[in-house]
Amino acid sequence: MLLLMPCAYSQLIQNHALGFMVGTSQYNGDVNMTKAYYKPFLSATLMYKLRFNYHYVARFSFTYGELQGRDLDFPNNYQQNRKYSFSRNSIYEGAALLEFNFLEFAYDEKKYRKSKRENFFSPYVVGGIALFYADQSEFYDIFAIPMGFGLKYRASPRVEFNVEWTFRKTFTDNLDLLNSRIPDYDLYKQVWFKETNDWYSILGFSVLFAFKQKQNSCTFYNKKPYERFIKKNKGNRKK
């Protein structure tokens, strides 16, 4: 087992990628309770990916976005009377995520033009944990749980494109800053829903550039599970 570990690590460190995402950030909460894609604002993300195998990818990212909302965008009488609005609430987020590719996504540069089994596109799901800071955030408000889905496509041995929409469940009800401004709206008996926390989401398009180091990889760990099984059975038959 210990003898196999260097081979596994050698394979692991060859699959790195750096990239960026450009997209939009959206808010869901006491002002916007119904629309998934509402008042988008430009967002940007820097990301680093570490590929474990054809299905699992670890991702570390830093994201900036802004949130905004307005009561008058919604037809219900309560919001039309309240007339609350907020804008440019900045979000700074650091996240650690895990991607799962539904198909065996091609990463091997040598097999890129030859493979018939590997796929150059795949739908995937992503989830993890994030820390974020927004205007007037408290220390206990900084955690979020990202979860989402996307589609990736490998355009060349070193270039990958992703389209992704990821939602963040937060543990704060103040992304809209409504809690901080209650005195201005104390005419109404209920200003916000205390039992529901706010969400924000990022919809974007990313470009990643893969690179690998010079370490020799282990031939056994380069193979997929079914390739290892076939090779093992061939060896048993010969005996």
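Placed above this text is the structure.
Residues numbered from 1 in each chain as written. Predicted model: local features only at pLDDT ≥ 70, side-chain atom pairs only at ≥ 80, totals over all residues. Heavy atoms only, no water.

Draft legend 1. Looking closely at the side chain of serine 90. Note that serine 90 resides in strand 4 (residues 85-101). Polar contacts involving the side chain of serine 90 include one to the side chain of tyrosine 64, which spans 3.2 Å. If sequence neighbours within four positions are ignored, serine 90 has contacts with Tyr64, Gly65, Glu66, Tyr133, Ala134 and Asp135. (Helix = DSSP H or I, 4+ residues; strand = E, 2+ residues; numbered from the N terminus. Polar contact = N/O pair within 3.5 Å; in protein donor to acceptor, adjacent residues only side chain to side chain. Contact = heavy atoms within 4.5 Å.)

Draft legend 2. Structural detail: empty space enclosed by the protein. Counted under the stated rule, the structure contains 2 cavities of 30 Å³ or more. A volume near 50 Å³ is recorded for the largest cavity. In this structure, the largest cavity is lined by Met21, Thr45, Met47, Arg59, Ser61, Thr63, Glu164, Thr166, Arg168 and Ile202. For the lining of the largest cavity, the secondary-structure elements that each account for two or more residues are strand 2 (41-51), strand 3 (56-70) and strand 7 (159-170). (1 Å grid on protein atoms, 1.4 Å probe; cavity = no way out; pocket = protein on both sides within 12 Å on 5 of 7 lines; lining within 4 Å. Points joined across faces, edges and corners; volume = space filled by probe spheres on them.)

Draft legend 3. Representation of a nonpolar patch on the surface within the structure. A grouping of Phe102, Leu103, Phe121, Val125, Phe149, Leu151 and Tyr153 is seen on the molecular surface, where their side chains present a nonpolar patch of about 660 Å² in accessible area. Contributions of two or more residues to the nonpolar patch are made by strand 5 (121-134) and strand 6 (143-154). Ranked by residues supplied to the nonpolar patch, first place goes to strand 6 with 3 residues. With respect to the helices and strands, phenylalanine 121 occurs in strand 5. (Patch = residues over 30% accessible without salt bridge, like charges linked within 9 Å, V, L, I, M, F, W, Y side chains within 5 Å. Areas by Shrake-Rupley, 256 points an atom, 1.4 Å probe, with all protein chains shown as cover. Salt bridge = Lys/Arg side-chain N within 4 Å of Asp/Glu carboxyl O.)

Draft legend 4. The sheet that holds strand 7, seen in detail. Spatially, 1-2-3-4-5-6-7-8 is the arrangement adopted by the 8 strands of the closed barrel, whose pairing is antiparallel. Pairs of neighbouring strands in the sheet enclose a mean axial angle of 25°, with direction left out of account. The pairing of strand 3 with strand 4 spans 14 bridges and is classified as antiparallel. The residue bridging phenylalanine 60 from the neighbouring strand is alanine 96, located in strand 4. (Pairing = 2+ DSSP bridges. Axes fitted to C-alpha atoms, helices over the stretch in contact; angles between N-to-C directions.)

Draft legend 5. Structural view of the pairing of strand 5. By the bridge criterion, 11 bridges tie strand 4 to strand 5 in an arrangement that is antiparallel. Considered in strand 5, the bridge of glycine 94 is made with leucine 131.

Draft legend 6. Geometry of the pattern of salt bridges. The tally for this structure, following the rule as stated, stands at 12 salt bridges. Look at the salt bridges and you will find they share partners, linking Lys49, Arg51, Arg59, Glu99, Lys152, Glu160 and Glu164 into a network.

Draft legend 7. Fine view of unusual backbone geometry. The phi angle at lysine 39 is positive, at roughly 40°, despite the residue not being glycine. For lysine 39, the position within the fold is in the loop between strand 1 (16-28) and strand 2. With phi around 60°, glutamine 136 is a residue other than glycine that occupies positive phi space. Among the secondary structure elements, glutamine 136 is positioned in the loop between strand 5 and strand 6. The partly exposed category is assigned to glutamine 136, whose relative accessible area is 43%. (Buried < 20%, exposed > 50% of the residue type's maximum accessible area, 1.4 Å probe, protein only.)

Draft legend 8. Quick peek at the nonpolar core. Leu67, Ile91, Phe132 and Leu175 are the most contacted members of the largest nonpolar core, which totals 20 residues. Among the secondary structure elements, those contributing two or more residues to this core are strand 4 and strand 5. Counting residues in each nonpolar core, the second largest holds 5 residues, with Met21, Met47, Ile202 and Leu208 among its members. (Core = buried A, V, L, I, M, F, W, Y, C linked by side-chain atoms within 4.5 Å.)

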